[in-house]
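Structure assessment
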Amino acid sequence: MKNTKICGRFAPTPSGRIHLGNIFCSLLAWLHAKAQGGEIVLRIEDLDKVRCPRPNADLLAKDLEWLGLTWDKGAYVSEDSERYFQSERFDIYAEHFAKLEAQGLIYPCFCTRGQLHAAEAPHLSDGRILYAGTCKNLTASEQVERLKTRQPAYRLAVNDKPITFVDGNYGPQSYNLMEESGDFIVRRSDGVYAYQLAVTIDDALMGVTHVVRGCDLLSSTPMQLYIYKLLGFTPPEFLHIPLLMAPDGRRLAKRDKDLDLNMMRQQYDSPEPIIGYLAYLAGQIPKAEPISTTELAKIFKPQLIPTDNIAVPPQLPQL
Ligand code: GLU
C-alpha cells in the first residue's frame, strides 16, 4: 500500500509585503495539510531576484510565523535552507532542462515581444497568446545565424493529446496544450528558467503531494502535468481556490498595497481576527469571528471552499 506522508507547500513570490489574498492561499494550504496530519514546506519563488530581494523573503517568513502559519521544512528552517530559494536552484533546473533537450523537445525561439503580440498572432479568449510555432522549423544553420545577434528563449514542444486531471475544488479538467498554449517557454532569453519548469521540478523534488493555490494557476496545471510526465515524476494532487478581489474587480496586488499585512497589523494586535475573516470567506465558519489556525485545522472541510472569486472591502471589519 502506498503510504506517502501528506506534504503541502507555501510557494510565495516575495515581490512585496504579503496581502490578504496571499494569506488566504497560505491558510488553506496549511489547513489542508494539517487537517490530515501532514507537513508544509516553504519554498521562496524568487526566480526574479531583482523583483524579489532577500529582505522581502525575510519579512515574509516573519509574517507567516506571526499569523501562526508554521512550516516543517524548507527555507529558514532546514539545514539546507538556501536550497529552498529558487534563485539558488538554477543548477537543478539546468539538469532537468537537459533531460528535456535530450528528448528533442526543446528549441530556441528568437521571436521578439512585438512579434508575439502582433495583431496577426493568435490570441485566446482570455487574452493569452497561443504560440504559432514560428521558430519551431528553423534549420540548424538559421539557428546558428540568429544566435549571433540574439539570445533566444527556449520552448518546450507540446502535442495535441488531451491532458486531464481532477481538481479538488473545480472538478474534472481537460486541456489540449496545442490549442491552449502552444509550445511554451521553459527558459527565458535572459537565462532565467520559467515558472512552469521550476515549480514542477521543485514540487516533485521537495516531495509535495498536495498543491493548494489560486485559481489563476488552474490553466498552468496542464503545462506542469506535461512536464511531470516527460521527467518521469509522480504529480501531486491539485486544489485551486478562488481569488480575493478588490471592490473595483481587480485582483488584490502587492504593488497596489491592497490589504497588505503592514496595514492589517496596524488594525489588529493578533492574527485571529484575520484568520477568522478568511476562514469565513472560505466557507469554514458561519460568521466572521476570531479563531486560531489550530482550532480551524480541527474543523477544516475542503469541500466547503467556494469556487467563485470573492470581493473584499478595502479595510477589514473590526472583529
Ligand atoms: N509563486 C506563485 C505566487 O506567489 C505561486 C506558484 C504556485 O503556487 O504554483 O503566486
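Throughout what follows, the structure given in this document is the object of discussion. Computed from a predicted structure; not experimentally measured.

**Considerations on the site of the ligand**
- Around the ligand, a shell composed of Arg9, Ala11, Pro12, Thr13, Glu45, Tyr195, Val199, Arg213 and Leu217 is seen.
- At 2.6 Å from an oxygen atom of the ligand is found a side-chain nitrogen or oxygen belonging to Arg9.
- A distance of 2.9 Å separates an oxygen atom of the ligand from a polar side-chain atom of Arg213.
- In isolation the ligand offers 300 Å² of accessible surface; the protein chains occlude 76% of this area.
- Per-class residue counts for the shell around the ligand are five nonpolar, one polar and three charged.

**Details of the sheet that holds strand 1 (residues 7-10)**
- Reading across from one edge, 1-2-3 is the order of the three strands in this open sheet, with parallel pairing throughout. Pairing within the sheet leaves two strands with one partner each, and these edge strands are strand 1 and strand 3 (73-74).
- Pairing of strand 1 with strand 2 (residues 39-42) involves four bridges; the strand directions are parallel. Residue pairing for strand 2: Arg9 is matched across the bridge by Val41.
- This element, helix 1 (residues 20-34), spans strand 1 and strand 2 of the sheet and lies at about 145° to strand 2.

**Description of the pattern of salt bridges**
- Throughout the structure, instances matching the rule amount to 21 salt bridges.
- Residues Arg17 and Asp63 are paired through a salt bridge, measuring 2.7 Å at the closest nitrogen-oxygen approach. Note that Arg17 is positioned in the loop between strand 1 and helix 1 and Asp63 in helix 2 (residues 54-67), a separation of 46 residues in sequence.
- By relative accessible area, which is 21% here, Arg17 ends up partly exposed.
- Given the relative accessible area of 1%, Asp63 is considered buried.

**A closer look at the packing of helix 7 (residues 195-205) against helix 8 (residues 221-231)**
- Taken N-terminus to C-terminus, the directions of helix 7 and helix 8 make an angle of 55°; their axes are 9 Å apart at the nearest point. Looking at the two axes, helix 7 sits oblique to helix 8. Where helix 7 crosses over helix 8, the handedness of that crossing is right-handed. Within the contact between the two elements, helix 7 uses Tyr195, Gln196, Leu197, Val199, Thr200, Ile201, Asp203 and Ala204 and helix 8 uses Met223, Gln224, Ile227, Tyr228 and Leu231.
- Grouping the constituent residues of the contact of helix 7 with helix 8 by class yields nine nonpolar, three polar and one charged.

**Some details on unusual backbone geometry**
- Positive phi, close to 75°, is recorded for Tyr76, a residue that is not glycine.
- By secondary structure assignment, the location of Tyr76 is in the loop between strand 3 and helix 3 (90-102).
- A residue is classified by how much of its surface remains accessible, and Tyr76, at 34% relative accessible area, is partly exposed.
- Not every positive phi belongs to a glycine, and Leu259 is a case in point at roughly 35°.

**Considerations on the sheet that holds strand 8 (residues 184-187)**
- In space, the three strands of this open sheet follow the order 4-5-8, with antiparallel pairing throughout. Whereas interior strands pair on both sides, the edge strands pair on one side only; in this sheet they are strand 4 (106-109) and strand 8. Averaged over all pairs of adjacent strands, the angle between strand axes in this sheet comes to 50°, irrespective of strand direction.
- Lying on the sheet, helix 8 is in contact with strand 5 (153-156) and strand 8; it crosses strand 8 at an angle near 60°.

The rules behind the values
Residues numbered from 1 in each chain as written. Predicted model: local features only at pLDDT ≥ 70, side-chain atom pairs only at ≥ 80, totals over all residues. Heavy atoms only, no water. Near = heavy atom within 4 Å. Polar contact = N/O pair within 3.5 Å; in protein donor to acceptor, adjacent residues only side chain to side chain. Areas by Shrake-Rupley, 256 points an atom, 1.4 Å probe, with all protein chains shown as cover. Nonpolar A, V, L, I, M, F, W, Y, C, P; charged D, E, K, R; others polar. Pairing = 2+ DSSP bridges. Helix = DSSP H or I, 4+ residues; strand = E, 2+ residues; numbered from the N terminus. Contact = heavy atoms within 4.5 Å. Axes fitted to C-alpha atoms, helices over the stretch in contact; angles between N-to-C directions. Salt bridge = Lys/Arg side-chain N within 4 Å of Asp/Glu carboxyl O. Buried < 20%, exposed > 50% of the residue type's maximum accessible area, 1.4 Å probe, protein only. Parallel < 35°, antiparallel > 145°, perpendicular 65-115°, else oblique. Left-handed = near helix turned anticlockwise from the far one by under 90°.

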